[in-house]
Amino acid sequence: MSNYSIGDLVMYGLTGACRVEEIGPLSFGGPGKIYYSMVPVYDTRSMLYLPVSKEEEINGRVMSADEARVLLAKLTGIKAMKYQQNTDRSLYESIVKSGDKEKIYSMILMFRNLRKENRKSHKGLNISDEKMMRDAERVLFSEISAAIGCTMKEAMESVSVLEEE
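Just so it is clear, the structure is predicted and the values come from calculations on it, not from any experiment.

The next point concerns the environment of Pro40. With respect to the helices and strands, Pro40 occurs in strand 3 (residues 35–40). Spatially, the C-alpha atom of Pro40 lies 9.0 Å from that of Val20, the residues being 20 residues apart in sequence. Excluding its chain neighbours within four sequence positions, the residues that come into contact with Pro40 are Thr15, Ala17, Cys18, Ser46 and Leu48.

Written out as structure tokens, the structure is:
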């Protein structure tokens, strides 16, 4: 049977924190297939469906509020990882999917620093780097916001990572 229950907050792939809304069969799912119906915490208009038979794709439950507060304190001391041009994007994706929050934040800082440097010459990040940074931010900050009951923007501000627009 399933390891998660209705109402659980879970981490799912590059989507980030999701709330399990329903567990059961779907009209399009075929006979006997049971699905998790999940809503991303940052976008309550979306619904994701994952067969219970593939629940290993769920990266576990969202951390507790106490764990989130400890993490927030740690993040302020994290340094950006070193950017290496022409790095295989699968490396960055594997960091985000690893669930290692400190590495994810270090990667976010790397992309933000690169964007800041590129803006000096009226450029930005390339599309794939921008997407990877946004995915990493969504995964990390959706979990923190779900754990402590704030918005993603508030979670980002709590570690002073929002840039001046």
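Moving on, we get to the packing of aromatic side chains. A full pass over the atoms with the stated rule returns 4 aromatic pairs. Residues Phe28 and Tyr35 carry aromatic rings whose centres are separated by 6.1 Å and whose planes lie at 55 degrees to one another, so their mutual orientation is tilted. Classification of Phe28 by relative accessible area gives exposed; the value is 55%. On the numbers, 5.1 Å between centres and 75 degrees between planes, the contact of Tyr92 with Phe111 is edge-to-face. Taken as a pair, Tyr92 in helix 2 (residues 89–98) and Phe111 in helix 3 (residues 101–119) lie far apart in primary sequence, 19 residues in all. Comparing Tyr92 with Phe111, the two get one shared label, buried. Every member of this aromatic cluster is reached through a ring pair, and the members are Phe28, Tyr35 and Tyr49.

Reading the values: rules and limits
Residues numbered from 1 in each chain as written. Predicted model: local features only at pLDDT ≥ 70, side-chain atom pairs only at ≥ 80, totals over all residues. Heavy atoms only, no water. Helix = DSSP H or I, 4+ residues; strand = E, 2+ residues; numbered from the N terminus. Contact = heavy atoms within 4.5 Å. Phe/Tyr/Trp six-rings, centres within 6.5 Å; stacked < 30°, edge-to-face > 60°. Buried < 20%, exposed > 50% of the residue type's maximum accessible area, 1.4 Å probe, protein only.

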